[in-house]
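Summary of structural features
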Amino acid sequence: MVAIVADFMEWQDKLGATIRRADGLDLVRPRGRSPALPLIKWSLGALIAITLAHERRHLWQARQVRNSL
């Protein structure tokens, strides 16, 4: 369990650093493919927003597990 939390926190640090590096970039024009649905292209801003929502869901899931114990 400790290793899972450490891995998650490391991922959060990397994600935060990536978002900070995007400061000042055009978040609308650059487009990238969705990792889950490669046929769909999203703007950089949308990809960041989707990733943050996904991370919030992980935190919600972890709270649900913790509260059920």
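Each value, and the rule that gives it
Residues numbered from 1 in each chain as written. Predicted model: local features only at pLDDT ≥ 70, side-chain atom pairs only at ≥ 80, totals over all residues. Heavy atoms only, no water. Salt bridge = Lys/Arg side-chain N within 4 Å of Asp/Glu carboxyl O. Helix = DSSP H or I, 4+ residues; strand = E, 2+ residues; numbered from the N terminus. Buried < 20%, exposed > 50% of the residue type's maximum accessible area, 1.4 Å probe, protein only. pLDDT = per-residue confidence, 0-100. Polar contact = N/O pair within 3.5 Å; in protein donor to acceptor, adjacent residues only side chain to side chain. Contact = heavy atoms within 4.5 Å.

Focus on the pattern of salt bridges
On inspection of all chains with the given rule, the structure shows two salt bridges. Close ionic contact of Lys14 with Glu10 constitutes a salt bridge, the shortest N to O distance being 3.3 Å. Here Glu10 and Lys14 lie together in helix 1 (residues 2-21), a separation of four residues that amounts to about one turn. A salt bridge links Arg29 to Asp26, with the shortest nitrogen-to-oxygen separation between them at 3.4 Å. With a relative accessible area of 68%, Arg29 lands in the exposed category.

Focus on the confidence of the model for the protein
Chain-level statistics for the protein give a pLDDT mean of 91 and a share of 100% at 70 or above. The element-level mean pLDDT for the protein is lowest in strand 1 (residues 31-33), coming to 89, with strand 2 (residues 41-43) highest at 93.

Brief notes about the side chain of Ser43
Structurally, the position occupied by Ser43 is in strand 2. Residue Ser43 is classed as buried on the basis of its relative accessible area, which comes to 15%. In terms of polar contacts, Ser43 uses its side chain to reach the backbone carbonyl oxygen of Leu27, at 3.4 Å. Non-local contacts of Ser43, meaning those with residues more than four positions away in its chain, are made with Leu27, Val28, Pro30 and Arg31.

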